[in-house]
Amino acid sequence: PTIKYIEAGGEPQDYQGGRSYDDLKKFTDEKLVVACSLDDTEGCSEKELKFIETAKSKDADWVTKQTERLTKMKSGKMKPSLKQWIVQRLNILKQMSTDTSKEEL
């Protein structure tokens, strides 16, 4: 059967990944989990809020280096909870990178 998914504000799309539990879990964690937003921190965990405060006190170079470091780490083997924490931090850093890019324009 075809599995469909919808990202926020998007159109239905066919899921093209693997059908195992691990494949589906990875896909949902990376693509569909409600992410912490810098604009509305209501959906953020305590851990994410602490990371946001730390990251806001750093410069753009730190954000870039952390993004690169966490992206490399993400491909390694680790406990699912650690992988999820990496994805959460990458989401926050990505938002910060976008905000920094807008400010430079």
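These numbers come from a predicted model, not from an experiment. (Residues numbered from 1 in each chain as written. Predicted model: local features only at pLDDT ≥ 70, side-chain atom pairs only at ≥ 80, totals over all residues. Heavy atoms only, no water.)

Engineer: Now, about the state of the cysteines: what can you tell me, with residues and values included?
Structural biologist: The tally for this structure, following the rule as stated, stands at one disulfide. A sulfur-sulfur distance of 1.8 Å marks the disulfide that ties Cys36 to Cys44. Sign of the S-S torsion, about 85° for the bond between Cys36 and Cys44, identifies this disulfide as right-handed. Relative accessible area serves as the criterion here: at 2%, Cys36 is assigned to the buried category. (Disulfide = S-S within 2.5 Å. Buried < 20%, exposed > 50% of the residue type's maximum accessible area, 1.4 Å probe, protein only.)

Engineer: Provide a residue-level description of the layout of surface pockets, including the pertinent values.
Structural biologist: In this structure, the largest pocket occupies an estimated 650 Å³ of space. Taken together, 20 residues line the largest pocket, and the ones lying closest to its centre are Asp29, Glu30, Ala35, Val87 and Asn91. For the lining of the largest pocket, the secondary structure elements donating two or more residues are α1 (21–32), α3 (60–74) and α4 (80–104). Residue contributions to the lining of the largest pocket peak at seven residues, all from α4. Split into classes, the residues belonging to the lining of the largest pocket amount to six nonpolar, seven polar and seven charged. Considered as a void within the structure, the second largest pocket measures approximately 380 Å³ in volume. Asp22, Lys25, Lys26, Pro80 and Lys83 are the residues nearest the centre of the second largest pocket, which is lined by 14 residues in total. Mapped by element, the contributors of at least two residues to the lining of the second largest pocket are α1 and α4. Counting residues per element, the lining of the second largest pocket draws most heavily on α1, at seven residues. (1 Å grid on protein atoms, 1.4 Å probe; cavity = no way out; pocket = protein on both sides within 12 Å on 5 of 7 lines; lining within 4 Å. Points joined across faces, edges and corners; volume = space filled by probe spheres on them. Helix = DSSP H or I, 4+ residues; strand = E, 2+ residues; numbered from the N terminus. Nonpolar A, V, L, I, M, F, W, Y, C, P; charged D, E, K, R; others polar.)

Engineer: Could you give me a rundown of the nonpolar core, with the residues and numbers involved?
Structural biologist: The nonpolar side chains of soluble globular proteins are, as a tendency, buried together. Core analysis: the biggest nonpolar cluster contains 14 residues, and Leu38, Phe51, Ile52, Leu70, Ile92, Leu93 and Met96 have the highest contact counts within it. Secondary structure elements with two or more residues in this core: α2 (46–56), α3 and α4. At six residues, the largest contribution of residues to this core is made by α4. (Core = buried A, V, L, I, M, F, W, Y, C linked by side-chain atoms within 4.5 Å.)

Engineer: Explain the pattern of salt bridges residue by residue, including any values.
Structural biologist: Counting across every chain of the model gives two salt bridges. Asp14 is the partner of Lys4 in a salt bridge, and the nearest nitrogen-oxygen pair spans 2.6 Å. You can see Lys4 sitting in strand β1 (residues 4–5) and its partner Asp14 sitting in strand β2 (residues 13–14), a full 10 residues away along the chain. Residue classification places Lys4 among the exposed residues on the basis of a relative accessible area of 52%. Residue Asp14 is classed as partly exposed on the basis of its relative accessible area, which comes to 36%. (Salt bridge = Lys/Arg side-chain N within 4 Å of Asp/Glu carboxyl O.)

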